[in-house]
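Below are the chains, spelled out letter by letter.
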Amino acid sequence: MTQIVLGLATSHGPMLSTPPEQWGLRVVADKANHAHAYRGRTHTFDELVALRAGEGIAQQVSPEAWRDKHASCRRAIGALARVFERVRPDVAVIFGNDQMELFGEDNIPAFAVYCGETIRNQEYDPEKMGKLPPGIAISVAGHIPPQGADYSGHAALGSHIIRSLTAAGFDVAALKEFPSRHPTVPHAFGFVYRQIMNDRPVASVPLFTNTFYPPNQPTASRCRLFGQAVLRAVQAWPGSERVALIASGGLSHFVIDEKLDHMVLDALRAGDGDALDAVSEDLYQSGSSEIKNWIPLAGAMAELGWPATIVDYVPCYRSEAGTGNAMGFAYWEPENSQ
């Protein structure tokens, strides 16, 4: 009988794999962006500086603060990696998203499931892919091994999940291989393979949610129901595997919103899916939309009744405008498993 043995959630932002001394390099692009999403509106960089002047953010963008925050994040990643190794599941089902890596503007499914035998994690080929979105091309070593790698998918379980989700009313795209423009797994998943599984991945099934791109972004409620449907699909799988459910992405960025993050973390601690649904969809935009990779996992864990352990929350500011990435790290286990 298939058994769920672990839930785990991690941020995957490039700042986690970038030396802290280089965090400020991205600020040039931040200043050039005239439409930063923050609390339901868009702002220029200078508008954000004025709006957030009373928050004391400038004290958090010094080299010393960056080194401290980077060290905290690395400790949290190490803690999650140790949890994963201690449990060492047979299979991982991973909730992530795509940032124009696999999919293009002409074809972005709301939900997709990879059901192939092999998962490639290789260096980008700019001749095939063209120019990558800002931030994706940096810190490649954080999610791609130096020589690249091929991992095991779980085609049978992936196909079973697709059939089960379809029966539950979710019209999901089925991917048996990655498209030729980018025949390698997106960074949301590569980060997990490299940094949580330490380049020793178990067989996995990547699940994709279109968190970023209008007009077909699933709502928070739909994402929670998706996670619960995935849970039931895995539980119905007629195998004997021990399965981990993993979420990759978030928390708030590219402008940090600590109020939003704490609302999410409080809901995770309480197992309160309604609180996640109640957050305005205007707040789940831009990079903060990746919180919707955590929401399916949170829905599944709430259905299991497992408590959340928040390993750490680290808001990594890189400018006085509040740009940066808030990093979160959490896991779920049955109360009697430790």
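Here we summarise the structure given alongside this text. (Residues numbered from 1 in each chain as written. Predicted model: local features only at pLDDT ≥ 70, side-chain atom pairs only at ≥ 80, totals over all residues. Heavy atoms only, no water.)

## Overview of the overall build of the protein chain
What the protein chain contains, in helices and strands, is 10 helices and 13 strands. Principal-axis analysis of the C-alpha atoms gives the protein chain an extent of 55 × 45 × 35 Å. When the 338 residues of the protein chain are sorted by exposure, 59% land in the buried category. Long-range pairs, those at least 24 residues apart, make up 84% of the contacts in the protein chain between residues at least 6 apart in sequence. Total accessible area on the protein chain stands at roughly 13600 Å², and carbon and sulfur atoms take up 50% of it. Each charge sign in the protein chain was given a centre, from 28 positive and 37 negative side chains, and these centres are 2 Å apart. (Helix = DSSP H or I, 4+ residues; strand = E, 2+ residues; numbered from the N terminus. Buried < 20%, exposed > 50% of the residue type's maximum accessible area, 1.4 Å probe, protein only. Contact = heavy atoms within 4.5 Å. Areas by Shrake-Rupley, 256 points an atom, 1.4 Å probe, with all protein chains shown as cover. Lys, Arg positive; Asp, Glu negative; His and termini not counted. Charge placed at Lys NZ, Arg CZ, Asp CG, Glu CD.)

## Here's the deal with the nonpolar core
Grouped burial of nonpolar side chains is what soluble globular proteins tend to show. Core analysis: the largest hydrophobic core is formed by 97 residues, its most contacted members being V93, L245 and L268. Core analysis: the second largest hydrophobic core is formed by 6 residues, V27, L48, V255 and A321 among them. (Core = buried A, V, L, I, M, F, W, Y, C linked by side-chain atoms within 4.5 Å.)

## Some details on the pairing of strand β6 (residues 118–121)
Burial along β6 is one-sided: the residues I119 and N121 are buried and none of T118 and R120 is. As defined by bridge partners, β6 adjoins strand β7 (residues 149–152) across 4 bridges and the pair is classed as antiparallel. Bridge pairing links T118 to S152 in β7. (Pairing = 2+ DSSP bridges.)

## Quick look at the pattern of salt bridges
In the structure shown here, the tally under the stated rule is 15 salt bridges. A salt bridge links E333 to R86, with the nearest nitrogen and oxygen atoms 2.8 Å apart. With E333 in the segment after β13 (323–332) and R86 in helix α3 (residues 63–87), the pair connects residues that are 247 residues apart, well separated along the chain. Judged by its relative accessible area of 45%, R86 falls in the partly exposed class. Here R224 ties to D277 by a salt bridge, and the two come within 2.4 Å at their closest N and O atoms. (Salt bridge = Lys/Arg side-chain N within 4 Å of Asp/Glu carboxyl O.)

## Overview of the pairing of strand β12 (residues 308–317)
Counted residue by residue, β12 has 7 buried out of 10 residues, so it is predominantly covered. Following β12, the chain reverses through 5 residues before pairing antiparallel with β13; G322 in that reversal takes a positive phi of roughly 90°.

## Regarding helix α5 (residues 155–167)
When the terminal C-alpha atoms of α5 are compared, their 18 Å separation across 13 residues agrees well with the 18 Å that a helix rising 1.5 Å per residue should span. Inspection of α5 places A155, L157, G158, H160, I161, I162 and L165 among the buried residues, and these make up the whole buried set. On its buried side, α5 packs onto β4 (91–96), β5 (111–114), β8 (173–175), β9 (203–209) and α7 (220–235). Of the residues flanking the end of α5, it is G169, one or two places downstream, whose phi is positive at about 95°. (Expected span 1.5 Å × (residues − 1).)

## Re the packing of aromatic side chains
Summed over the entire model, instances satisfying the criterion amount to 11 aromatic pairs. Centroid distance F103 to F208: 6.0 Å. Interplanar angle 85°. Geometry classified as edge-to-face. Remark: F208 occurs in strand β9 and F103 occurs in the loop between β4 and β5; sequence separation between them is 105 residues. Like F208, F103 is buried. Relative to Y193, the ring of Y151 has its centre 4.7 Å away and its plane inclined at 55°; by these criteria the two rings are tilted. (Phe/Tyr/Trp six-rings, centres within 6.5 Å; stacked < 30°, edge-to-face > 60°.)

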